[in-house]
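Spelled out, the chains give:
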Amino acid sequence: MSNISDKAYIDPRAKIGDNVTIYPFAYIEGDVEIGDDCIIYPNVSIMSGTRLGAKNKVFQNTVLGAVPQDFNYRGDETHLIIGDSNIIRENVVINRATYSDGATVIGNKNFLMEGVHISHDTKVGTMNVFGYGTKIAGDCVIGNRVIFSSGIIANPKTRVGDAAMIQAGTRFSKDIPPFIVATDNPVRYGGVNATILRNYGVDEKTIAHIANAYRLIFHGQTSVFDAVNQVVEQVPDGEQIQNLVAFIRETKLGIISKM
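Residues numbered from 1 in each chain as written. Predicted model: local features only at pLDDT ≥ 70, side-chain atom pairs only at ≥ 80, totals over all residues. Heavy atoms only, no water.

1. Some words on the packing of helix α2 (residues 204-219) against helix α3 (residues 224-234)
Part 1 of the argument: Where α2 meets α3, the closest approach of the two axes is 8 Å, and the angle between their N-to-C directions is 155°. As summarised for this structure, α2 and α3 are arranged roughly antiparallel, according to the angle between their axes. Crossing geometry of α2 relative to α3 is assigned as right-handed. Across from A213, L216 and I217 in α2, the residues of α3 making contact are A227, Q230, V231 and Q234.
Part 2 of the argument: Here the contact of α2 with α3 is built from residues that sort into 5 nonpolar, 2 polar and no charged. (Axes fitted to C-alpha atoms, helices over the stretch in contact; angles between N-to-C directions. Helix = DSSP H or I, 4+ residues; strand = E, 2+ residues; numbered from the N terminus. Parallel < 35°, antiparallel > 145°, perpendicular 65-115°, else oblique. Left-handed = near helix turned anticlockwise from the far one by under 90°. Contact = heavy atoms within 4.5 Å. Nonpolar A, V, L, I, M, F, W, Y, C, P; charged D, E, K, R; others polar.)

In structure tokens form, the structure reads like this:
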């Protein structure tokens, strides 16, 4: 049983799951799917190509599946795919993909605060927090359990690794590796994100290994490529070490500096 206001506009082609609440003045286009137990607050616009999983809450004046702000967009039928149990607060804009073979993807249990904008073809993992006014450009990749403070600007095609923290007002055009704090402008390495790692149950020995790995990468006298090889040779192996090594080896834009 769904609770849908007769003052909401819902295209008859839209697919609405069970126990969905849709408040007055919501606007939902035709090629839209909304999963079970979602709540859509007043004045939300959900545009064609949007797929919402279950138990999402979408607050006032948000626009999901907006046409991409990309000069390469030629009117293709493209998609925004959102998982389960996300909280999307007021005035958020998320664009769908530019091309029909792509998608903008938001995982599960993310919290997007007021005024966040996530652009076309960006991929977001799970359990991330996007602070007030954070802007994520197109084709970015965000890992899991990342914390963005307020007013962050992520430039196109950048990546952010798991459990990183980006402090307020930071702008970046290079990749931010996992498990670190990124701070200041110009952006720089601000140490290991030890508090969050502890909160997620990472033991002190592993945190020390991560810190040692980043000492080699950010404070060594060699190239990043050679420093990563030193990490592999000198730091005890483990899940987090494998994660950061793979992330840095896969970078195309380079990583932020130690400035």
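2. Description of the sheet that holds strand β19 (residues 129-130)
Part 1 of the argument: What the 11 strands build is an open sheet, ordered β1-β4-β7-β10-β13-β16-β19-β22-β25-β27-β28; its pairing is mixed. Strands with a single pairing partner mark the edges of an open sheet, and in this sheet they are β1 (3-4) and β28 (188-192).
Part 2 of the argument: As paired strands, strand β16 (residues 111-112) and β19 are joined by 2 bridges and run parallel to one another. Paired with F111 across the bridge in β19 is V129.
Part 3 of the argument: Across the sheet, α2 is in contact with β27 (180-183) and β28; its angle to β28 comes to roughly 160°. (Pairing = 2+ DSSP bridges.)

3. Describing helix α4 (residues 239-249)
Part 1 of the argument: Here α4 has its buried residues at Q240, I241, L244, V245, F247 and I248. Looking straight down α4, one finds its buried side chains confined to an arc of 165°; they lie on one side. Away from its buried face, by an angle of more than 90 degrees, α4 presents the exposed residues E239 and R249. (Buried < 20%, exposed > 50% of the residue type's maximum accessible area, 1.4 Å probe, protein only. Arc of directions from axis to C-beta.)

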